[in-house]
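Structural features, examined
One letter stands for each residue in the lines below.
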Amino acid sequence: MLRNKYLTFILFFIITFSASLIGGLATVSFKEPWYSTLIKPSFNPPDWVFGPVWTILYLMMTIAIWSYWHSKNKDMNTVYIYFIHLVFNSAWSIVFFVYHNIFLALIILLILISLILVLIVRFRRVKKMSSYLMVPYLLWTIFALILNVSILILN
């Protein structure tokens, strides 16, 4: 059983951080010079903040889904929603940084936030710790939405 827990953690880690890798590659490859030309709100964090924050959030997401997976009453539909939400998570970086489509990125964030809320509710029914681990991610994504809206308005 312990071996199974390690293997599933590694699997969820790889899947979750794949979303991070895809988003990160899109950001690094296509961010500049476009992003530097945008007018950003005064509360826009410095670029160096995003990497550490996202790394911590992806780790928390991994622990949340892994913990949920090992719960007695898990529902596979919740796991599928988790995977779908990762697609939207990666899609935001691609749409924003690769295609420079600020408005469509905003729509993706709204969908992503909705999916995170669904996950929090569904996790809470089975494994409260998993739902709590998703709250900082929700708050950061709401902050990203505020930044996205501000950039859309300013540009």
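Below, the structure is looked at part by part. (Residues numbered from 1 in each chain as written. Predicted model: local features only at pLDDT ≥ 70, side-chain atom pairs only at ≥ 80, totals over all residues. Heavy atoms only, no water.)

Quick word on the layout of surface pockets
Where we set the bar: Cavity: a set of points on a 1 Å grid over the protein atoms alone where a 1.4 Å probe fits but cannot get out. Pocket: an open set with protein on both sides within 12 Å along at least five of seven lines, its lining residues, like those of a cavity, having an atom within 4 Å of a point. Grid points are joined across faces, edges and corners, and a volume is the space filled by probe spheres set on the points. Per the convention used, a helix needs a DSSP run of H or I reaching at least four residues, while a strand needs a run of E reaching at least two, with both numbered from the N terminus.
Put simply, the largest pocket is a space of about 700 Å³. Taken together, 31 residues make up the lining of the largest pocket; nearest its centre are Thr-27, Phe-50, Trp-54, Trp-92 and Phe-97. Residue assignment for the lining of the largest pocket shows that the elements contributing at least two residues are α1 (2-30), α3 (47-69), α4 (76-98), α5 (102-126) and α6 (128-154).

Some remarks on the packing of α3 against α6
In a packed pair of helices, the relevant descriptors are the angle between the two axes and the axis-to-axis distance. The cut-off we apply is this: Only the stretch in contact is used when fitting a helix axis, every axis being a line fitted to C-alpha atoms; angles between N-to-C directions are given from 0 to 180 degrees. Handedness of a crossing follows from how the near helix is turned relative to the far one, being left-handed for an anticlockwise turn of less than a right angle and right-handed for a clockwise one. Contact between two residues is taken to exist if any of their heavy atoms lie within 4.5 Å; hydrogens are not considered. Each residue is assigned to one class: nonpolar for Ala, Val, Leu, Ile, Met, Phe, Trp, Tyr, Cys and Pro, charged for Asp, Glu, Lys and Arg, and polar for all the others, Gly among them.
As a packed pair, α3 and α6 sit with axes 8 Å apart at the nearest point and diverge in direction by 145 degrees. Relative to α6, the crossing made by α3 is left-handed. Between α3 and α6, the residues in contact are Val-49, Phe-50, Val-53, Trp-54, Leu-57, Met-60, Met-61, Ile-63, Ala-64, Ser-67 and Tyr-68 and Met-129, Ser-130, Leu-133, Met-134, Pro-136, Tyr-137, Trp-140, Thr-141 and Leu-147, respectively. Partitioned by chemical class, the residues of the contact of α3 with α6 number 17 nonpolar, 3 polar and no charged.

Here we look at the environment of Pro-136
We count it as follows: In this scheme, a residue with accessible area under 20% of its type's maximum is buried, one over 50% is exposed, and one in between is partly exposed, where area comes from a 1.4 Å probe on protein chains only.
Summarising the element assignment, Pro-136 is placed in helix α6. Assessed through its relative accessible area of 31%, Pro-136 is described here as partly exposed. Sequence separation of Pro-136 and Met-61 is 75 residues, and the distance between their C-alpha atoms is 9.7 Å. In this structure Pro-136 touches Leu-57 and Met-60, once residues within four positions along its chain are discounted.

Regarding the packing of α4 against α6
Basically, it comes down to this: Orientation is classified from the angle alone, with under 35 degrees giving roughly parallel, over 145 giving roughly antiparallel, 65 to 115 giving roughly perpendicular, and any other angle giving oblique.
At a minimum axis separation of 14 Å, α4 and α6 run at an interaxial angle of 25 degrees. Judged by the angle between their axes, α4 and α6 are roughly parallel. Crossing of α4 against α6: the hand is left-handed. Contacts between α4 and α6 involve His-85, Asn-89, Trp-92 and Phe-96 on the former and, on the latter, Met-134, Tyr-137, Asn-148 and Ile-151.

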